[in-house]
Amino acid sequence: MNAVRSLSPGSYGLPAGAWRWAALGFVFLALMAAGLAVAAPESSRLLGLLLLAGIGAVASLFFYAVWPRERGNSLEARRVAEAAARANVAWAVTGADGAVLDCNAAYRRIAGAKDDEPAPPPELALGGEASSATLYRLTRSAAAGEAREEVVVTANGDIAAAVHPLRDGQTAWWFTPRLSQSAEPSSATTPSPTVAAAPVSFFKDAPVGVALADADGRLLEANASFAEFFGLTGPLAGRALSDALEDADRAGVADVIARAAGGGSESAPIELCPAGQSDRMAELYARPANGGDAKRAILYLIDVSEQKALETKFAQSQKMQAVGQLAGGVAHDFNNLLTVIIGNSEFLLMRHQAADPSFKEINEIHQNALRAATLVGQLLAFSRKQTLQPRVLILREGVELKLEHGADLWPVHADETQISNAIINLVVNARDAMPKGGEVTIVTANETVTEASALGTAIMPAGDYVRIEVRDTGVGIRKEHVGKIFDPFFTTKPVGQGTGLGLATVYGIVKQTGGFITVDSEEGKGTTFRIYLPRYRGEPAAQPAESERVVPRDITGQDTILLVEDEEAVRSFAARALKLRGYHVMEAAGGEEALEIVNSFQGKIDLLITDVVMPSMDGPTLVRAVKRLRPDMAVIFMSGYAEEAFRRHDEKAEDLHFLPKPFGLKQLAAKVKDVLSGTPAPRRAGER
């Protein structure tokens, strides 16, 4: 620390008084003599030169005498340095290489370093199984130029630690533990100060919240970080901490402070929220303040708002994934049952005309099976494993629908029925949010995102997107419900008016398409959902002409088909349906049995139809084995999951076709006819 020079008395080389004035007088006379020597050089000659040399020497002595000395301020700097060195709050400064450049005695005590040996860096001094991860995060934050505070767990108790980056790659460390009084003092005549003896104002610049409170929870002093977290302004002395807390946290905080002030054993930290700010959270550590008769507690406050927000998002993501897997598994098995119900009801409808007394009941079975298939499709869409079927949307009277289409929209690579169903679900929710009428507006536009941004629990990277926006003028969504609206089975509608799968379905469709979804809502002012779909830069697939869609088709045949399905009811229905169309069908209950048929059958097998998920040998494994024996055989996969479920098993299976369950007689016969007639397999997402 550089002392500031001043021209105050007592800061010169010579002492103040007669000696200084005599020196100045002598210099004045010497200058007059020098002037005479210069004015009359002829008369002075050698004497004048000697006189000038003497004047130069005197001038040098004069400047030495009057030049200021660094006395008073250097003493003050030494006092400040000594106070910092003797402080009971441990501090250290580390260099860019992590070595300790400077530290005080308190740091040496907690680091276990003697006075005559270099102090180890914090990572080594406090490192252990419980604290290594915390110290690593603090070091990384300092290296990134960010201040950070956390609690380090050591064998001797918890320590509130903080780092602050300095210039030239240096880092300042602060540690505020309850120091042990068993350490040897540095001087026999100077006892080690206690935590209670250190003024709380010493912590005013610490990046962690520190405060001193009495047994009743009233603040005596607090630093800026503590006051800022609770939004406290003005004098803090005498103010009750409970007034700044949420009602649910007051009793627990008061109990922790009272036990600490009474000298009780160290307790675990308690989580709290400031009043009116339920989205912010901190951990409060209360420790006894040693020294004196007054019962007081030292409070350490660590802001964990960002950490808790990340934990909540991660838990939400895990929950959505787990429920999605459960829904997908249940729906897949149920699709097998629906395939049998739909197929056999169609067989019955073929034998019973409309005038038949049984026709109405059979038709009811068929129609309700189709409705059940739609509901199962919603479950699979949430789990991102199936395609949804669209449904008709009718807006009630008083609800106006407006469309705002952007010009020259970019193409997107998505399934039309899925996106349509997602928009329909959003419009239905908007309609239900406006019981007294209002406006629903659907907006489409191109949008270029220049920087990655957080949308809900996902990060949307920079790029080109097509934005689909559905906004309403309804009642809005309550703040505490916004984070739950995409949860499956979560609904605010009365019992019987909603399944809670609508928005979960939308979420699954958007994610399966590779897009992102976000929501903005305000109670009483409406809600806006925004879907972002990535721009597709490939060539759009050719669409069949309208005339080709309505021409009646011949779906009969005479080819040989090998049908592999482990569910006997599904296999029986599919085989019967194909035989009715004229095909020769061989049945197998699994992959091993199918391979035996392929090896033993001498004739040509034109088509293999196999389930994807089967015991022992699954569908993709069977197909790879069959392709080695008969590479020209066409293949149709059938499954209650989506096409991607089997595409992942064989990335080069461009000639493989897919038939989703549940299916009926016409869907099965039409798919078989397409494949045997040479229609190419549809391309997967991302193929060009």
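Residues numbered from 1 in each chain as written. Predicted model: local features only at pLDDT ≥ 70, side-chain atom pairs only at ≥ 80, totals over all residues. Heavy atoms only, no water.

Here Leu455 lies in strand 13 (residues 453-455). Its relative accessible area of 14% is what places Leu455 among the buried residues. Taking the C-alpha atoms as reference points, Leu455 and Thr518, 63 residues apart in sequence, are found 5.8 Å from one another. (Helix = DSSP H or I, 4+ residues; strand = E, 2+ residues; numbered from the N terminus. Buried < 20%, exposed > 50% of the residue type's maximum accessible area, 1.4 Å probe, protein only.)

Here we take up a nonpolar patch on the surface. A cluster of nonpolar side chains, Phe334, Leu337, Ile341 and Ile365, forms an exposed patch at the surface whose accessible area comes to about 350 Å². Relative to the elements of secondary structure, Ile341 occurs in helix 9 (residues 305-351). Of the residues examined, Ile341 reaches a relative accessible area of 39% and is grouped as partly exposed. (Patch = residues over 30% accessible without salt bridge, like charges linked within 9 Å, V, L, I, M, F, W, Y side chains within 5 Å. Areas by Shrake-Rupley, 256 points an atom, 1.4 Å probe, with all protein chains shown as cover. Salt bridge = Lys/Arg side-chain N within 4 Å of Asp/Glu carboxyl O.)

Moving on: the sheet that holds strand 16 (residues 516-522). The 5 strands are arranged 11-12-15-17-16 in an open sheet whose pairing can be described as mixed. Only two strands of the sheet have a single partner each, and these edge strands are strand 11 (399-405) and strand 16. Averaged over all pairs of adjacent strands, the angle between strand axes in this sheet comes to 15°, irrespective of strand direction. Relative to strand 17 (residues 526-534), strand 16 runs antiparallel, the two being bridged by 7 bridges. By the bridge assignment, Asp520 is partnered in strand 17 with Thr528. Along the sheet, helix 11 (residues 416-432) makes contact with strand 11, strand 12 (438-449), strand 15 (463-472) and strand 17, crossing strand 15 at roughly 30°. Contacting strand 16 and strand 17, helix 13 (residues 502-512) crosses the sheet at an angle of about 145° to strand 16. (Pairing = 2+ DSSP bridges. Axes fitted to C-alpha atoms, helices over the stretch in contact; angles between N-to-C directions. Contact = heavy atoms within 4.5 Å.)

Here we come to the environment of Ala297. Along the chain, Ala297 turns up in strand 10 (residues 296-303). In sequence terms Ala297 and Ala213 are 84 residues apart; their C-alpha atoms lie 5.4 Å from each other. If we skip the residues at most four places from it in the chain, Ala297 touches Ala211, Leu212, Ala213, Ile257, Ala260, Ala261, Arg287 and Ala289.

The next subject is the confidence of the model for the protein chain. Looking at the protein chain as a whole, the pLDDT averages 75, with 68% of positions reaching at least 70. Within the model, the stretch residues 385-393 combines pLDDT values under 50 with 37 contacts to residues more than four positions away or in other chains. When the criterion is pLDDT under 50, residues 546-550 qualifies, and its contacts beyond four places in sequence or with other chains add up to 2 contacts. (pLDDT = per-residue confidence, 0-100.)

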